[in-house]
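Here is how the chains run, residue by residue.
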Amino acid sequence: MNMSFYKLVAAMLLTAYANVVYAEPNELVFGKKLYLTIGGYGCAACHGKYANGAGNVGGNIRGASIEQLNHALENEPTMQLLGDALAPEQRGLIVQYLASLGAMPLVEWSIGEDTDIKTQQLIPKQLSQLVVKNDTLVAIAMDLSPLAINQTLHIEPLDTQAVQFVAPAFSVSLQVNGQALQLLVNE
Ligand code: HEC
């Protein structure tokens, strides 16, 4: 057997376990834009850039229903101003976007100054979302190849970035700046 055969097999194995970058349907793009910009500061100011709460006053609202949103817009003093700004159709788009986030198990990682090892549980084969906060004052670049993504995640100081991936069936580890996130799968 010659080299090209092995190359072919290697290529097939890589494709079998390579995460594709998912294109978002239009309604999710519009919902996301509203989520980030409504009222100038967006829902993100109080619920986190990916609706994950991220330590902000509003908390995690991934997967929130239209009833929960309407109720909050009417009763939550800090949200009442947004109530007038959001037509029913726009509320629907935001809820669709929140549902798409709610469908993905959330893996959160905050990168600070200290060397540290953290662990999180993965649900194998589930489309999941990794949300990484850069809590340092220097930009970081994280190699995503352990998640079978042929890409580097760049995060500016104090910014948060996310990436979607299909969780592998085995445990993997991500590393950056002497810190590690171990993603565990019950085997
Ligand atoms: C100025 C801050 C602020 C902004 C902006 C804001 N929220 Fe809230 N939101 C809150 C607070 C505070 C709560 C109550 C949290 C609690 O009780 O734990 C809340 C509650 C909610 C709830 C109810 C959660 C539940 O458990 O029932 C939903 C849904 C929600 N917000 C969605 C949104 C959406 C969508 C936007 C953007 C259109 C938004 N919020 C903008 C502060 C904010």
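Provided above is the structure to which this section pertains.
This is a predicted model, so every value here is computed, not measured.

Caption draft 1: Fine view of the coordination of the iron atom of the ligand. Distances from the iron atom of the ligand to its protein donors, His-47 (NE2) and Met-79 (SD), fall within 2.0 to 2.1 Å. Relative to the metal, the six donor atoms surrounding the iron atom of the ligand lie at angles of 86 to 178°, and the coordination shape comes out octahedral. With His-47 in helix α3 (residues 44-47) and Met-79 in the loop between α4 (66-75) and α5 (80-85), this pair connects stretches of sequence that are 32 residues apart. Note on Met-79: relative accessible area 15%, which makes it buried.

Caption draft 2: The arrangement of the environment of Gly-178 in detail. Here Gly-178 lies in the loop between β7 (172-176) and β8 (179-184). A residue is classified by how much of its surface remains accessible, and Gly-178, at 56% relative accessible area, is exposed. Setting aside anything within four residues of it in sequence, one finds Gly-178 in contact with Thr-115 and Asp-116.

Caption draft 3: Structural context of the site of the ligand. Every one of the 19 residues lining the ligand counts as a neighbour, but Cys-43, Cys-46, His-47, Glu-76 and Met-79 are closest to it. Contacts to the ligand include Gln-68, whose side-chain N or O atom sits 3.4 Å from an oxygen atom. At the level of secondary structure, the elements contributing two or more residues to the shell around the ligand comprise α3 and α4. Top element by residues in the shell around the ligand is α4. It accounts for three residues. Considered class by class, the residues forming the shell around the ligand number 13 nonpolar, five polar and one charged.

Caption draft 4: Just the pattern of salt bridges, in detail. One pass over the structure, following the stated rule, counts three salt bridges. Residues Asp-159 and Lys-49 are paired through a salt bridge, measuring 3.1 Å at the closest nitrogen-oxygen approach. Here Asp-159, found in the loop between β5 (152-155) and β6 (160-166), pairs with Lys-49, found in the loop between α3 and α4; they are 110 residues apart in sequence, far enough to count as distant. The partly exposed category is assigned to Asp-159, whose relative accessible area is 23%. Relative accessible area serves as the criterion here: at 28%, Lys-49 is assigned to the partly exposed category. Among the ionic pairs, Lys-118 bridges to Asp-116, the shortest N-O distance being 3.5 Å. For Lys-118, a relative accessible area of 30% puts it in the partly exposed group. Relative accessible area serves as the criterion here: at 33%, Asp-116 is assigned to the partly exposed category.

The rules behind each value
- Residues numbered from 1 in each chain as written.
- Predicted model: local features only at pLDDT ≥ 70, side-chain atom pairs only at ≥ 80, totals over all residues.
- Heavy atoms only, no water.
- Donors = N, O, S within 2.8 Å, 3.2 Å for Na, K, Ca; no water.
- Tetrahedral: all angles 85-135°; square planar, octahedral: opposite > 155°, others 65-115°.
- Helix = DSSP H or I, 4+ residues; strand = E, 2+ residues; numbered from the N terminus.
- Buried < 20%, exposed > 50% of the residue type's maximum accessible area, 1.4 Å probe, protein only.
- Contact = heavy atoms within 4.5 Å.
- Near = heavy atom within 4 Å.
- Polar contact = N/O pair within 3.5 Å; in protein donor to acceptor, adjacent residues only side chain to side chain.
- Nonpolar A, V, L, I, M, F, W, Y, C, P; charged D, E, K, R; others polar.
- Salt bridge = Lys/Arg side-chain N within 4 Å of Asp/Glu carboxyl O.

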